Amino acid sequence: MTNTWQDIKNANLVIVMGGNAAEAHPCGFKWVIEAKIENKAKLLVVDPRFTRTASVADYYAPIRPGTDIAFLSGVIRYLLEKDAIQHEYVRAYTNASLIIKDGFSFKDGLFSGYDEETRTYDKSSWDYDLDDKGFAKVDDTWQNPRCVINMLREHVARYTPEMVSRICGTPQDTYLEVCELIASTAAPDKAMTSLFALGWTQHSVGAQNIRTMAMIQLLLGNIGVAGGGMNALRGHSNIQGLTDVGLLSDAMPGYLTLPKDGEPTFAEYMKTRQFKPLRPGQTSYWQNYNKFIISLQKTLYGDAAQAANDWAYDWLPKLDVPLYDIIRAFEMMTHGEINGYICQGFNPLQAFPDKGKIRKALGNLKFLVTMDPLDTETSRFWENFGPQNPSDPAKIQTEVFQLPVTCFAEENGSLVNSARWLQWHWKAADPPGDAQSDIFIMAGIFHRLREMYRKEGGAFPDALLNLRWDYTNPFDPDAEDLAKEMNGRALTDLKDPSGAVTVHAGQLLDGFAQLRDDGTTAAGCWIFTGSYTERGNMMARRDATDPREQGIAPNWAWAWPANRRILYNRASADVAGKPWNPVKPILEWDGSRWVGIDTPDYTPTTKPSDSVGPFIMNAEGVGRLFARSLMAEGPFPEHYEPLESPSENLLHPAVNSNPAARVFADDRAAFGTAKDFPYVGTTYRLTEHFHFWTKHALINSILQPEEFVEIGEALAHEKGIDQGGWVRVSSKRGTVVCKAYVTKRIKPLLVAGHPTHVVGVPLHWGFTGQARKGYGANTLTPSVGDANTQTPEFKAFLVNLEKASGPVS
Amino acid sequence: MQLSRRSFLKITGAGFAASAFGALGFAAAGLALASAVRPFKLAHARETRNTCTYCSVACGILIYSLGDGAKNARSDIIHIEGDPDHPVNRGTLCPKGSALLDIVHAPTRLRNPRYRAPGSAAFKDVSWDFALDRIARLMKEDRDKHFIAKNSKGVTVNRWTSTGMLAASASSSETSFLTWKVARSLGMVVFDNQARV
């Protein structure tokens, strides 16, 4: 989230699209109700189902799963056609005026530079026209046809209301009402907030779904302001934290990235990470990248990381492919290229696409380790549970270790919430039986391996043997020790230019501005620097004071970066530093410094006349309506059909689905067509359940005891299915037999003239726990991911559905 | 006077009983009854601040447990409710958060390390030493056999692709940092978390 949960109450319009906050984030959704009651806000919901969020909305628009980009591109077209954009904001804070270089083009569904063989783009033409100093050329008058704003206008011209309606199935009159409502927030003192979740990410075009809305928010001047922003409602208690700390194939703590094979030296690695400003005077904060990575290497390797050995750069693994993501991992496992797999609090047999493939792949492992408080399906993949998990254990040679761990109530530590708050929590009781913490297990594995490598030698032991491990209790390190390690310390006395000592050797650092690139500072996760200082544990703060009750609460816990609660908050004021919305200001320029209720984006004395842009992480200093080379499938969003789709792409049938999506051959062979699987499946959570955990809890298992699918009355009638009757739902990959819930909440959509039915598939069912046994939604889902992130396409796929008799038992 | 939530409960518990009976004209008897009435169970409990383990609204919760922290006193969580001081949830919880006690005490909570041998149809209980020794040995065997120190062009790449790891989504950031350190120092690249799904 760019903003906070409570800040939602400041919105004039709340759009929930790509999520269902009322059911998946109920206590956060209360702030939407607060906005409606206290701020007379309108709620707009766009969803294939009339969800509980929709039931309290002022406007509801149905949409076919997987067509959000078409819907939103039509909104951009409307805003530009009606000139309903916040002009001063767009000119000063976006790249609308920057000029795109010759050679960049878009034709018949493809951008310039496509290579059909590799399904990737040569992105060299996706850039600005640069002057001889390396700065992007600008035309503030917007006369040049190659200005970003003009190229965007041309790109979205095809998304007329008629076309959007044919693609999305949204009635045209409803759609135009939505456009008009969104356009109303172009007024400088009006804000729309966008709340979204996995309804946008779980698509082969997931990242571009989000990007399209972000562009709308920039055009409306809704980023950085109270009640605005792009607010990803994250789904797990610390999924934000695990991402921040870099537990992703290609990531390192604080959004640093792992080296690639093509970067053999540290100097080579830094070449693409220096982020020289693309406009004069811009912050381009990633210019400090070397300070962050050198401080990380000092944390990991201490004295063994020196300038002379390039800060132990060679000890970091290098990537030969863009990502070893989960889809690639199970592809490798299928082909016997992975022998060992460790699942920490993760249940891939339930969570990953194409369950049949996952089950078979796990059986190819030599060993599987699960670390979980609960008895997960994954840890029992080898056991025969009947049709829900058919297996012959005698044929499965995998050694399985099921390790019991503590849960939230039994440990100290911090979690990062959706709004980037690091909140500390405390242990309330001991775990059951002989369960131990994940920290105990990881430390136990580390000590044993280090001892073996010391005694026996083996493959490249240097990084392991030199890993710093100076914790008070090395066998089960305290969370406090680890928190301080991430925050970072001075390794020698740090001095200011006058020679005065600012931080003494050994002291905890106050903020990342103190980090150095000469090896005199250590910090495990630079964006967390400031969270645990000499003043104490900032994450444990419990002062809920909220200036003007504007939803900031700056002294409650601690937020990254630098305790900033609203990202890009400089953009809440105009070019001269006056708040766009004088009633809900965040910052303003008082003539000598930035003052207000939040930490400013940059040095508080940076003058408005210096024209330093609010988007300090971008080399341009401004928000991007044109993404340069940063996206896999194009610098402008384009509508591509899901890999399994009931309709051809009406804009360019020859390029039907995302041309940059990576698809493995056996996964492609497992895609079905609308001829055999005529209905659109989409997965989601129920409000009574959390993934595959709460079926282990009695109350939740009573509230929602068994697997079902949700279908509309029209489809039920057509198929002769009664309320609560049994159905067989199949995709090319598998079959689920369960009950049908016949509902008015899903109605057929008219897509390109054809009625299209949607089948809703809640995802919570498995074969362990207290609820009744179920197959799980991933029995049906296809193994293909977003072209940038490889997040699987769970939200749009094809199924068939037939009336069935109940299970024989 | 600084009142902890716990002592506040004690006082209001007794005070409520006294005033209710007092209003009915049983002042002395009411007071005697109030001192004899069973105090709220929570008044005896230890209150611990925590965060709901489910979605990322991160509602503040109060966990009430028995056991005073003494070495030989077994702790037991008896109640969980929303934290009224928390600026986001302000004491409320959803259908999932309201049932947190049931997940803490789920009958399928694991209590002992268990091991399933190749071809076996059942788990058996094992010691932590057995499990961790064996896991470390299997990891080392695989790593020594398949570790890639240099690629075909002779570039040092130091990666290990034949063993992978999925990290949690509800463990603390501190746990995740330690996990990152161990995984990366081994050269592990098949490494992901729940953010991908």
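Residues numbered from 1 in each chain as written. Chains lettered and ligands numbered in written order. Predicted model: local features only at pLDDT ≥ 70, side-chain atom pairs only at ≥ 80, totals over all residues.

A.B. asks: Could you clarify how one ought to interpret the overall build of chain A in this entry?
C.D. replies: Scanning chain A for helices and strands turns up 22 helices and 33 strands. A compact globule built from 809 residues would reach a C-alpha radius of gyration of about 28 Å, and chain A, at 27 Å, matches this within 12%. Overall size of chain A, expressed as C-alpha extent along the three principal axes, is 85 × 70 × 55 Å. Across chain A, every contact between residues at least 6 apart in sequence was considered, and the portion connecting residues at least 24 apart equals 71%. (Helix = DSSP H or I, 4+ residues; strand = E, 2+ residues; numbered from the N terminus. Rg over C-alpha atoms; globule rule 2.2 N^0.38 Å. Contact = placed C-beta atoms within 7 Å.)

A.B. asks: Teacher, can you tell me more about the domain arrangement of chain A here?
C.D. replies: Residues and elements named next belong to chain A. In terms of domains, chain A is made up of domain 1 (6–232) and domain 2 (665–803). Distance between the C-alpha centres of domain 1 and domain 2: 28 Å. Facing the 21 residues of domain 1 at the interface are 28 residues of domain 2. Those elements that provide at least two residues to the side of domain 1 that touches domain 2 are α1 (21–24), α9 (198–201) and α10 (206–219). Per-class residue counts for the side of domain 1 that touches domain 2 are eight nonpolar, nine polar and four charged. (Domains from an automatic or database assignment. Nonpolar A, V, L, I, M, F, W, Y, C, P; charged D, E, K, R; others polar.)

A.B. asks: Before we go on, may I ask you to explain the environment of Arg733(A) in this structure?
C.D. replies: All names here are of chain A. Relative to the elements of secondary structure, Arg-733 occurs in the loop between β28 (726–731) and β29 (734–743). For Arg-733, a count of 22 C-beta atoms within 10 Å corresponds to the buried category. For the pair Arg-733 and Lys-357, spaced 376 residues apart in sequence, the C-alpha to C-alpha distance is 8.6 Å. Not counting residues within four places of it along the chain, the set of residues in contact with Arg-733 comprises Asp-354, Gly-356, Ala-670, Leu-780 and Pro-782. (Buried ≥ 20, exposed ≤ 12 C-beta atoms within 10 Å, placed from the backbone.)

A.B. asks: I would appreciate a short explanation of the interface of chain A and chain B in the present structure.
C.D. replies: Quoted interface sizes are often the accessible area lost when the parts come together. Of the residues lining the interface, 139 residues belong to chain A; the matching set on chain B comes to 101 residues. Counting residues per element, the side of chain A that touches chain B draws most heavily on helix α17 (residues 438–456) of chain A, which supplies nine residues. Of the residues contributing to the side of chain A that touches chain B, the split by class is 79 nonpolar, 39 polar and 21 charged. Summarising the sheet, strand β12 (residues 340–344) of chain A and strand β8 (residues 163–166) of chain B pair through four bridges and their orientation is parallel. The partner of Gly340(A) across the bridge, within β8(B), is Thr163(B). (Pairing = 2+ DSSP bridges.)

A.B. asks: Got a minute to help me understand the nonpolar core in this structure?
C.D. replies: The nonpolar side chains of a soluble globular protein tend to be buried, and buried together. All names here are of chain A. Counting residues in each nonpolar core, the largest one holds 270 residues, and the members touching the most others are Val-14, Leu-44, Val-75, Val-148, Ile-216, Leu-219 and Val-369. Those residues in contact with Val-148, other than ones at most four positions away along the chain, are Asn-95, Ala-96, Leu-98, Ile-100, Leu-625 and Phe-626. In this structure, Val-680, Val-709, Val-761 and Ala-771 belong to the second largest nonpolar core, which totals 30 residues. (Core = buried A, V, L, I, M, F, W, Y, C linked by C-beta atoms within 7 Å.)

A.B. asks: Would you explain unusual backbone geometry in this entry?
C.D. replies: One can expect most non-glycine residues to show negative phi and most peptide bonds to be in trans. Omega for the bond connecting Trp560(A) with Pro561(A) falls within 30 degrees of zero, at -10 degrees, which places this linkage in the cis form. With respect to the helices and strands, the residue Pro561(A) is situated in the loop between β23 (558–559) and β24 (587–589). Although it is not a glycine, Asp108(A) adopts a positive phi angle of roughly 50 degrees. For Asp108(A), the location among the structural elements is in the loop between β4 (106–107) and β5 (110–111). Despite not being glycine, Arg90(B) shows a phi value in the positive range, around 45 degrees. Turning to its location among the elements, Arg90(B) is positioned in the loop between β3 (76–82) and α4 (100–104). For Arg90(B), a count of 16 C-beta atoms within 10 Å corresponds to the partly exposed category.

A.B. asks: What exactly am I supposed to notice about the sheet that holds strand β9 (residues 230–232) of chain A here?
C.D. replies: Each strand in a sheet pairs with another by means of backbone hydrogen bonds, the pair being arranged parallel or else antiparallel. Residue and element names in this part refer to chain A. One open sheet holds the five strands; their spatial order is β3-β2-β1-β8-β9, and the pairing between them is parallel. Every interior strand has two partners, whereas the edge strands, β3 (59–61) and β9, have only one. Mean inter-strand twist for the sheet, computed between neighbouring axes without regard to direction, equals 20 degrees. Pairing geometry for strand β1 (residues 13–17) and strand β8 (residues 192–196), over four bridges, is parallel. Across the sheet, residue Val-14 finds its bridge partner in β8, namely Thr-193. (Axes fitted to C-alpha atoms, helices over the stretch in contact; angles between N-to-C directions.)

A.B. asks: Any chance you could explain the pairing of β1(A) here in plain terms?
C.D. replies: Taken residue by residue, a regular strand's side chains alternate between the two faces of the sheet. All names here are of chain A. Within β1, five of the five residues are buried, which leaves it mostly tucked inside the rest of the structure. Of the two faces of β1, the one lined by Leu-13, Ile-15 and Met-17 and the one lined by Val-14 and Val-16 are each fully buried. One ladder, built from five bridges, connects β1 with strand β2 (residues 42–46); its direction is parallel. When the sheet's bridge partners are listed, Ile-15 is paired in β2 with Leu-44.

A.B. asks: Can you walk me through helix α13 (residues 289–301) of chain A in this structure?
C.D. replies: Three or four residues apart is the spacing at which side chains of an α-helix point the same way, because the helix has 3.6 residues per turn. Taking 1.5 Å per residue as the helical rise, α13(A) with its 13 residues ought to reach 18 Å, and the 18 Å between its terminal C-alpha atoms agrees with that figure. Of all 13 residues in α13(A), 11 are buried; the element is thus mostly enclosed. Within the span of α13(A), buried status applies to Tyr289(A), Phe292(A), Ile293(A), Ile294(A), Ser295(A), Leu296(A), Gln297(A), Lys298(A), Thr299(A), Leu300(A) and Tyr301(A). Here the buried face of α13(A) lies against β10 (251–252), β11 (256–257), α18 (462–466), α19 (479–487) and β20 (521–522) of chain A together with α6 (173–185) of chain B. With its phi angle positive at about 50 degrees, Gly302(A) sits one or two positions after the end of α13(A). (Expected span 1.5 Å × (residues − 1).)

A.B. asks: How do you make sense of the sheet that holds strand β13 (residues 367–372) of chain A when you look at a structure like this?
C.D. replies: Pairing within the open sheet is mixed, and its seven strands lie in the order β5(B)-β4(B)-β14(A)-β13(A)-β12(A)-β8(B)-β9(B). One side of each edge strand has no neighbouring strand; the edge strands of this open sheet are β5 (124–125) and β9 (191–192) of chain B. Both β8(B) and β9(B) contribute to a ladder of two bridges, which runs parallel. By the bridge assignment, Met165(B) is partnered in β9(B) with Phe191(B).

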